[in-house]
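# Breakdown of the fold
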Protein chains: 2
Amino acid sequence: MEEIIDSKKPEFVVTPWEVSGKVDYDKLIKDFGTKRIDDGLRERMKMHTEKMHVLLKRQFFFSHRDLDLILNDYEQKKGFFLYTGRGPSGPMHIGHLVPLIFTKWLQDKFGVNVYIEITDDEKYVFKREREWKEIQKFANENIADIAAIGFDPNKTFIFKDSEYIKNVYPLMLKIARKINYSTVKSAFGFNEQTNIGLMFYPAYQAVPTFFENKLCLIPCAIDQDVFWRSVQREVAEGLGFKKAAAIHSKFLPPLTGTEGKMSASQAETAVWLTDDEKTVRNKIMKYAFSGGQATTEEHRRLGGDTEKDVAYQWLSILFEPDNKKLRQIHDNYHSGKLLTGELKQILVDKINLFLKEHRENRKKAEKLVDKFMYSGKLAKEMWNKNYE
Amino acid sequence: MEEIIDSKKPEFVVTPWEVSGKVDYDKLIKDFGTKRIDDGLRERMKMHTEKMHVLLKRQFFFSHRDLDLILNDYEQKKGFFLYTGRGPSGPMHIGHLVPLIFTKWLQDKFGVNVYIEITDDEKYVFKREREWKEIQKFANENIADIAAIGFDPNKTFIFKDSEYIKNVYPLMLKIARKINYSTVKSAFGFNEQTNIGLMFYPAYQAVPTFFENKLCLIPCAIDQDVFWRSVQREVAEGLGFKKAAAIHSKFLPPLTGTEGKMSASQAETAVWLTDDEKTVRNKIMKYAFSGGQATTEEHRRLGGDTEKDVAYQWLSILFEPDNKKLRQIHDNYHSGKLLTGELKQILVDKINLFLKEHRENRKKAEKLVDKFMYSGKLAKEMWNKNYE
């Protein structure tokens, strides 16, 4: 009996609090009831954005809900707004930046407002051993990293849940009273041991989708879909609001392999925004899971496998947007002309350049944080609003 | 089988959201694990208060937790503070004022700070059909009634949960993450259909018990005990705080009989603070459950029963503090000398005098509301505090 039960263990798990195993993204589209972003929709996006962002072109953003309705509203000059977030559970790695980089690109192309929720409350109730001050330190560091991405300081509002709570508490309650325990139990796997703070939190995550009387588009990793599927889209219309649209990304594979996602508890799985050049080099050389052969001789003869190679995957997803150059790397690796160490070096250089620019931008953005949070045009408007 | 189950139906129910049946207060003391306020403790109170308030003397406040520890701390000059509240689900009746009147007396006698929580959030999530504006209207009216009681404007902080949330949200989360669903399920009877707003709320009700680094004494009706028993006293010490003490009242019996408590949904069960003199007279004459006989002749011969007579009960609990006068009423009613209409008239006069004074005080207190909520000494201090 036990063996039969064991054999039913899912091959992968995707929840807001756990991603493990080899994720089957086609199955997620089916299970979650989202839609694949097909060629037609990508072309329609391109009509408005001229170029296509590498994250869209290479289908890292692969799934959506109602992206077509967003484009309808945009085309009919009704507009829309963007909403994404960050849970400040620790320092940020490159994977954390991906949805934010994409959100920034969307803002540039569509000229719309962006709301970025820093879920300090959720991280505090989820990690029961953490001190509040610790979460706040991470929140402030994360906000500095987000500010570095280059959002429009007058069209972007970055807020900590704990600071903005007073302005939205009645709205949060309005959402919360529509959500029964049975819903969060089945949606999030909450049980008798779940604390009542974590149980209340899904109401807050729905709040920003109602910030404007327009459609809301949420760029996020697919593990967050349950918040929209089971909470926001279930209650929105009953409360006189609109269902949120979403555009979902895959997970940047951890350095150590193509399963699961990068993890704060295993430093070697990720490249952190604070990693210096040497650390990046050592980490990628040592840990990046390779699709190459065991010896140089064998590699020259048999070639490498880009499907398995994490360095190649990272180049493909984000760091080598040029199709021709990527094709060349691909072909050279498969032919054995490009060795694993050489392939890794290409990524090392790309990442170190990216991080150098990020550090410079972060420094420059220090004085912008206040605009994003309090004194920019949108931020000021938001602090004067109260949502019921 | 069904009959057997039916026969187990409890004779009375006491929860924060329901009081029904003939309440057995001795059983509550046993079930809840509180202590009776005995003669010794009453005498010890009297040492500090000179006179004894009628609500204490006549044992309407009948039960406690750690009231002895409060007196220890007071006697050792460590001090304590008072905390009570009001759920703004509608207009207030006389029964709602009782714990507040007693709290005011304690403040006068011990010279301590009082915190009064207006639980607009809880009432909004509990009454799912209510508009936020409606709850706010009741909250503001209730606050005006509470201000009329005569609290010290520099030692009293009246706050709406929705307004003070930002100052306490981290502390609320700290409490919430210590409380599992299993706890609120067994403590409050929450189930699959309970909304996640109501489920989170018990964390807020515990917050004010940690406002000062002193013992907190909570005057409240006994139905609120579960908040202290199952939540506050369970988590306090683990969070580095002190367990709250409490002093519990019975329920002012509804006009219509000695079972349950006064109910907003049955206007005839209560005397509302807005009832005019004629309404009070009509209501008491028509609805006050009588311990008298069916005819005057019979009453003269057999006498009335004060145990059953609600008018007499109200006089005894609050409106006739003079022992001698109450004794005379008692004896005259039992002998048949005092008729039911005459007994009721005594209560009508007392209540109309009380309400007249209340209305005058409420008018005078209008300008004090701002002090209690924002600009008084304690209120100002509280708005500058943030609790983690």
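Residues numbered from 1 in each chain as written. Chains lettered and ligands numbered in written order. Predicted model: local features only at pLDDT ≥ 70, side-chain atom pairs only at ≥ 80, totals over all residues.

Residues and elements named next belong to chain A. Read across the sheet, 7 strands follow the order S3-S4-S9-S8-S5-S6-S7 without closing on themselves; strand pairing throughout is mixed. Here the strands that pair on one side only, and so sit at the sheet edges, are strand S3 (35-36) and strand S7 (156-160). The pairing of strand S5 (residues 80-86) with strand S6 (residues 114-118) spans 5 bridges and is parallel. What sits directly across from Thr 84, in S6, is Ile 116. Along the sheet, helix H6 (residues 94-110) contacts strand S4 (61-65), S5, S6, strand S8 (215-221) and strand S9 (245-249); its crossing angle with S5, the most-contacted strand, is approximately 160°. (Pairing = 2+ DSSP bridges. Helix = DSSP H or I, 4+ residues; strand = E, 2+ residues; numbered from the N terminus. Contact = placed C-beta atoms within 7 Å. Axes fitted to C-alpha atoms, helices over the stretch in contact; angles between N-to-C directions.)

Expressed as a screw operation, the relation of chain B to chain A combines 0.0 Å of axial shift with a rotation of 180°, fitting to an RMSD of 0.0 Å. Taken together, the rotation and translation relating the two chain copies correspond to the operation of a two-fold axis. (Least-squares fit on C-alpha atoms with pLDDT ≥ 70 in both.)

Another point: the interface of chain B and chain A. Counting residues at the interface gives 31 residues for chain B and 30 residues for chain A. For the side of chain B that touches chain A, the secondary-structure elements that each account for two or more residues are helix H7 (120-126), helix H9 (161-176), helix H10 (181-188) and helix H11 (196-206) of chain B. No other element matches H9 of chain B, which puts 8 residues into the side of chain B that touches chain A. By residue class, the composition of the side of chain B that touches chain A is 16 nonpolar, 7 polar and 8 charged. (Nonpolar A, V, L, I, M, F, W, Y, C, P; charged D, E, K, R; others polar.)

Remark: a regular strand shows side chains that alternate across the two faces of the sheet. Residue and element names in this part refer to chain A. The pairing of strand S1 (residues 12-15) with strand S2 (residues 18-21) spans 4 bridges and is antiparallel. The partner of Phe 12 across the bridge, within S2, is Gly 21. Where S1 folds back onto S2 in an antiparallel hairpin, the turn is made up of 2 residues.

Residue and element names in this part refer to chain A. By the assigned domains, chain A splits into domain 1 (21-255) and domain 2 (267-364). Centre-to-centre, using C-alpha coordinates, domain 1 lies 29 Å away from domain 2. Between domain 1 and domain 2, the contact holds 18 residues from the first and 21 residues from the second. For the side of domain 1 that touches domain 2, the secondary-structure elements that each account for two or more residues are helix H4 (54-57), H6 and helix H8 (132-147). Broken down by element, the residue count for the side of domain 1 that touches domain 2 peaks at 3 residues, all from H6. Residues that form the side of domain 1 that touches domain 2 fall into these classes: 13 nonpolar, 3 polar and 2 charged. (Domains from an automatic or database assignment.)

Turning next to helix H15 (residues 310-319) of chain B. Residue and element names in this part refer to chain B. Of all 10 residues that make up H15, 8 are buried, and the element is covered over most of its length. Taken together, the buried positions of H15 are Val 310, Ala 311, Tyr 312, Gln 313, Trp 314, Leu 315, Ile 317 and Leu 318. Structurally, H15 contributes buried residues whose contacts are with helix H4 (54-57), helix H6 (94-110), helix H13 (277-287), helix H16 (323-335) and helix H17 (340-365). (Buried ≥ 20, exposed ≤ 12 C-beta atoms within 10 Å, placed from the backbone.)

Okay, the sheet that holds strand S3 (residues 35-36) of chain B next. All names here are of chain B. One open sheet accounts for 7 strands, arranged S3-S4-S9-S8-S5-S6-S7; its pairing is mixed. Two strands bound the open sheet, and with one partner strand each, they are S3 and strand S7 (156-160). In terms of strand pairing, strand S4 (residues 61-65) meets strand S9 (residues 245-249) through 4 bridges, oriented antiparallel. Across the sheet, the residue bridging to Phe 61 is Ser 249, located in S9.

The next point concerns the packing of H9 of chain B against H11 of chain B. All names here are of chain B. The contact between H9 and H11 brings their axes to 9 Å, and the two run at 100°. In terms of orientation, H9 lies roughly perpendicular with respect to H11. On H11, the residues that touch Asp 161, Met 172, Ile 175 and Ala 176 of H9 are Phe 200, Ala 203, Tyr 204 and Ala 206. The residue inventory of the contact of H9 with H11, partitioned by class, reads 7 nonpolar, no polar and 1 charged. (Parallel < 35°, antiparallel > 145°, perpendicular 65-115°, else oblique.)

Moving on to the confidence of the model for chain A. Low pLDDT means the predicted coordinates in that region are not meant to be read closely. Residues and elements named next belong to chain A. For chain A, mean pLDDT is 95; residues scoring 70 or higher make up 98% of the total. In this model residues 1-6 is a low-confidence stretch, pLDDT under 50, and it forms 0 contacts with partners more than four residues away in sequence or in other chains. Scoring the predicted complex yields pTM 0.94 and, for the interface, ipTM 0.93. (pLDDT = per-residue confidence, 0-100.)

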